[in-house]
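Residue-level listing of the chains:
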Amino acid sequence: MKSKRFAETFKLYRDICHYQSGQLERNRNDILFEEDRLMIDVFSSKTQGFEYHLYILAIAMLIESRLPNNALVNGNIDYDQCVKAKQWADQYLSSLIEIPVRVDVDKLLSRTAQIKDE
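Residues numbered from 1 in each chain as written. Predicted model: local features only at pLDDT ≥ 70, side-chain atom pairs only at ≥ 80, totals over all residues. Heavy atoms only, no water.

Novice: Help me understand helix 2 (residues 53–66) in this model?
Specialist: Think of an α-helix as 3.6 residues a turn; residues three or four steps apart then line up on the same face. For helix 2, spanning 14 residues, the distance from its first C-alpha to its last is 20 Å, which sits close to the expected 20 Å at 1.5 Å a residue. All of the buried residues along helix 2 are H53, I56, L57, A58, A60, M61, E64 and S65. (Helix = DSSP H or I, 4+ residues; strand = E, 2+ residues; numbered from the N terminus. Expected span 1.5 Å × (residues − 1). Buried < 20%, exposed > 50% of the residue type's maximum accessible area, 1.4 Å probe, protein only.)

Novice: Whenever I open this one, the pattern of salt bridges confuses me. Can you help?
Specialist: Pairs can form between side chains of opposite charge once their charged atoms are near each other. In this structure the tally under the stated criterion is two salt bridges. Ionic pairing is found between K107 and E98, a salt bridge with its closest N-O pair at 3.3 Å. In this structure K107 comes out as partly exposed when scored by relative accessible area, which is 27%. We classify E98 as partly exposed; its relative accessible area is 45%. (Salt bridge = Lys/Arg side-chain N within 4 Å of Asp/Glu carboxyl O.)

Novice: Would you explain the nonpolar core in this entry?
Specialist: When a protein is soluble and globular, its nonpolar side chains tend to lie buried together. Counting residues in each nonpolar core, the largest one holds twelve residues, listed as L57, A58, A60, M61, V73, I77, C82, A85, A89, I97, I99 and V103. The element that contributes the greatest number of residues to this core is helix 2, accounting for four residues. Apart from the residues lying within four places of it in its own chain, the contact partners of I97 are A58, M61, L62, S65, R66, K86, A89 and D90. (Core = buried A, V, L, I, M, F, W, Y, C linked by side-chain atoms within 4.5 Å. Contact = heavy atoms within 4.5 Å.)

Novice: Please clarify how the side chain of D90 should be interpreted in this entry.
Specialist: With respect to the element layout, D90 can be found in helix 3 (residues 79–90). Among the residues examined, D90 registers a relative accessible area of 14% and is labelled buried. Setting aside its immediate chain neighbours within four residues, D90 contacts L96 and I97.

Novice: Hey, could you run me through the packing of aromatic side chains in this one?
Specialist: To describe a pair of aromatic rings, one takes the distance between the centres and the angle between the planes. A full pass over the atoms with the stated rule returns two aromatic pairs. An angle of 75° between the planes, with centres 4.8 Å apart, marks the rings of Y55 and W88 as edge-to-face. Residue Y55 is found in helix 2, and its partner W88 is found in helix 3; the two are separated by 33 residues along the sequence. Judged by relative accessible area, Y55 falls into the partly exposed class, the value being 39%. (Phe/Tyr/Trp six-rings, centres within 6.5 Å; stacked < 30°, edge-to-face > 60°.)

Novice: Would you mind showing me how to read the packing of helix 2 against helix 3 here?
Specialist: It is the contact of helix 2 with helix 3, at a shortest axis distance of 8 Å, that shows an interaxial angle of 80°. As judged from the angle between their axes, helix 2 and helix 3 are roughly perpendicular. Only Q81, C82, K84, A85, K86, W88 and A89 of helix 3 make contact with helix 2, whose side of the interface consists of H53, L54, Y55, L57, A58 and M61. Residue composition of the contact of helix 2 with helix 3, by class: nine nonpolar, two polar and two charged. (Axes fitted to C-alpha atoms, helices over the stretch in contact; angles between N-to-C directions. Parallel < 35°, antiparallel > 145°, perpendicular 65-115°, else oblique. Nonpolar A, V, L, I, M, F, W, Y, C, P; charged D, E, K, R; others polar.)

Novice: Could you clarify how one ought to interpret helix 3 in this entry?
Specialist: Between its first and last C-alpha atoms helix 3 spans 16 Å; for twelve residues at 1.5 Å apiece the expected length is 16 Å, and the two agree. For helix 3, the complete set of buried residues consists of Q81, C82, A85, A89 and D90. The buried residues of helix 3 occupy an angular sector of 155° when the element is viewed end-on, so they sit on one face. The exposed set on the far side of helix 3, more than 90 degrees from its buried face, consists of D80, K84 and Q87. Contacts from the buried residues of helix 3 go to helix 2. (Arc of directions from axis to C-beta.)

Take a look at the structure:
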C-alpha cells in the first residue's frame, strides 16, 4: 500500500480438486515427491524483490504446513526470509506454520531419506 505498486494477480482456489484436474500444466517430477507424482505450480510468478514477497511466501508456507507431503514451497527463497514470513503469519494464525522443507536441513534430510533410489 505504501508504494502504490501493482503486483501480479495470484489465484488460490478453495477446492483442491481444481489442482488435481488434468487440465493444469504440470511440471516434471520433483525429487521430494514420491515417484510418478508431478508438480503443479500454484503461485508461479516471481515475487523476489517486491514488497509483497514475504506475504506470498507466508501463504505458500501455510499451504505446505497444512498439506504436508502434498505441497512444497519452491523458488528463490532462503531460511531467513522464511523465518520472517513465519513470524508475520504466526501472529494471525491459531495453529502455527512450519518452515518449508526446502530450507530446513533436518526436514530435507528426513524427506530425502525416504526416497527408495539414490
